[in-house]
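Inside the fold
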Amino acid sequence: MRDVILQTVNLRRSFGGLRAIDNVTLTLRRGETRAVIGPNGAGKSTLLNLLSGALAPDDGTILFGGDSLVRLMPHQIARLGLVRTFQISHLFEDLTVEEALRAALARGRLCSANSEALRALLARLGLCEQAHRRARELSHGERRLVELALAIAQEPRLCLLDEPTAGLSQPETESIVRLLLDLKAKQQTLLIVEHDMTVVRALADLVTVLHQGRVLAEGTPQEIRLDARVQGVYDFIS
Ligand code: ADP
Ligand code: MG
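Rules used in this analysis
- Residues numbered from 1 in each chain as written.
- Chains lettered and ligands numbered in written order.
- Predicted model: local features only at pLDDT ≥ 70, side-chain atom pairs only at ≥ 80, totals over all residues.
- Heavy atoms only, no water.
- Pairing = 2+ DSSP bridges.
- Helix = DSSP H or I, 4+ residues; strand = E, 2+ residues; numbered from the N terminus.
- Contact = heavy atoms within 4.5 Å.
- Axes fitted to C-alpha atoms, helices over the stretch in contact; angles between N-to-C directions.
- Near = heavy atom within 4 Å.
- Polar contact = N/O pair within 3.5 Å; in protein donor to acceptor, adjacent residues only side chain to side chain.
- Areas by Shrake-Rupley, 256 points an atom, 1.4 Å probe, with all protein chains shown as cover.
- Salt bridge = Lys/Arg side-chain N within 4 Å of Asp/Glu carboxyl O.
- Buried < 20%, exposed > 50% of the residue type's maximum accessible area, 1.4 Å probe, protein only.
- Domains from an automatic or database assignment.
- Buried area = accessible area lost by both parts, 1.4 Å probe.

1. A short note on the sheet that holds strand β1 (residues 4-15)
With antiparallel pairing, four strands are arranged side by side in an open sheet as β2-β1-β4-β5. The open sheet has two edge strands, β2 (18-29) and β5 (67-68), and neither has a second partner. Against the sheet, helix α1 (residues 44-52) makes contact with β1, β2 and β4 (59-64), and its axis sits at roughly 115° relative to β1, the strand it touches most.

Written as structure tokens, this is what we have:
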């Protein structure tokens, strides 16, 4: 399994008596785009929190490129190249888009913040005109793009995205999808929690369906769409 980048085995995490993630075994291959779907409360965000180190598992293993992530701190996991998009924090509010990206580039695995890499990234995101605007002046859609850019700028080996198109207009959603397709073409490995099946179909090689903390089904977008068990618990949005 040389091309496996991420593997979880029997991962578990409870909150009180609630099993938010219950024996989740998952394998992601290098270059793959995986979508994780499921009803509200299925455990999708908890899974991302376990992978990024924001939460510790009660049990189970997480291997990332051969390294165990269990008990590592989030910044150590990010340094290994597993990066989660995060909401622009108050620390970034007064920075310009360019300054924020420069900081993210400097934090990346390659620690490179050269101006050429920065300009190329801004151009790829269609953010050249926003480069000198402060984060707090951006629209919701622009913020989501910058949040994605902050993650990409770190040149992750695996990028985790929690509902990247939530609350976005149709054109903004299309910008995000174009950007993600572009990353996918460059063999970027992605794990995306996403409700919109149009987005899922456009991007995902495989879909994992979570339900009550367990993996209910796994397959291509088409297989998942036709799966009677999935239809029983999940209302597809498309
Ligand atoms: P999803 O992202 O699929 O909507 P979550 O992973 O956010 O689901 O939540 C899964 C379950 O775990 C839900 O029942 C939620 O209420 C519960 N949960 C999530 N985070 C916490 C927490 N920090 N404390 C207590 N319960 C939590
Ligand atoms: Mg969630």
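The discussion continues.
2. Re the sheet that holds strand β6 (residues 82-84)
Within the open sheet, the six strands sit side by side as β6-β7-β8-β3-β9-β10. Their pairing is mixed. With one partner strand each, in any of the chains shown, β6 and β10 (214-219) form the two edges of the open sheet. Taken over all neighbouring pairs, the strand axes of this sheet differ in orientation by 20° on average, direction set aside. Both strand β9 (residues 206-211) and β10 contribute to a ladder of five bridges, which runs antiparallel. Residue pairing in the sheet places H211 in a bridge with R214 of β10. Relative to strand β7 (residues 158-162), α1 is tilted by about 150°, and along the sheet it contacts β3 (33-37), β6, β7, β8 (189-193) and β9.

3. Digging into the site of ligand 1
The full set of residues close to ligand 1 is F15, L18, A20, P39, N40, G41, A42, G43, K44, S45 and T46. Contact between ligand 1 and A42: an oxygen atom at 3.1 Å from a main-chain N or O atom of the residue. Separating an oxygen atom of ligand 1 from a side-chain N or O atom of K44 is a distance of 2.7 Å. Summarising the interface, the protein chains cover 58% of the accessible area of ligand 1, which totals 560 Å² for the free molecule. Of all the secondary-structure elements, those providing two or more residues to the shell around ligand 1 are β2 and α1.

4. Description of the pattern of salt bridges
The tally for this structure, following the rule as stated, stands at 14 salt bridges. One salt bridge in this structure joins D3 and R29, with 2.5 Å as the shortest N-O distance. With a gap of 26 residues between them, D3 in the segment before β1 and R29 in strand β2 connect regions that are remote in the sequence. Residue R34 pairs with E32 through a salt bridge whose shortest N-O separation is 2.7 Å. Summarising the burial analysis for this pair, R34 and E32 share the class buried. Here the salt bridges share partners, and the residues they tie into one network are R19, D22 and R214.

5. Regarding the pairing of β1
Sheet topology note: the β1/β2 ladder contains nine bridges and is antiparallel. Bridging across to β2, V4 finds its partner in R29. Where β1 hands over to β2, the hairpin turn is made up of two residues, of which G16 adopts a positive phi near 60°. Pairing between β1 and β4: five bridges, direction antiparallel. Bridged to T8 within β4 is I62.

6. Observations regarding the environment of L105
Among the structural elements, L105 can be located in helix α3 (residues 97-107). L105 sits 13 residues away from L118 along the chain, and the two C-alpha atoms are 7.9 Å apart.

7. Considerations on the pairing of β9
Where a strand is regular, its side chains alternate between the two sheet faces. By the bridge criterion, four bridges tie β3 to β9 in an arrangement that is parallel. Paired with V36 across the bridge in β9 is T208. Counted between consecutive antiparallel strands, the loop separating β9 from β10 contains two residues, among which Q212 sits at a positive phi close to 50°.

8. What to know about the domain arrangement of the protein
Considered domain by domain, the protein is made up of domain 1 (1-81 + 156-238) and domain 2 (93-155). Summarising the inter-unit geometry, the C-alpha centres of domain 1 and domain 2 are found 24 Å apart. Contact residues are listed per partner, giving 20 residues for domain 1 and 16 residues for domain 2. Between domain 1 and domain 2, roughly 1,300 Å² of surface is buried when both sides are summed, and carbon and sulfur atoms account for 65% of that area. Together, R79, P156 and L179 form the three largest contributors to the area buried by domain 1 at its contact with domain 2, with a combined 37%. Linking domain 1 with domain 2 are zero salt bridges. The interface formed by domain 1 and domain 2 contains two residue pairs in polar contact (both at pLDDT 80 or more).

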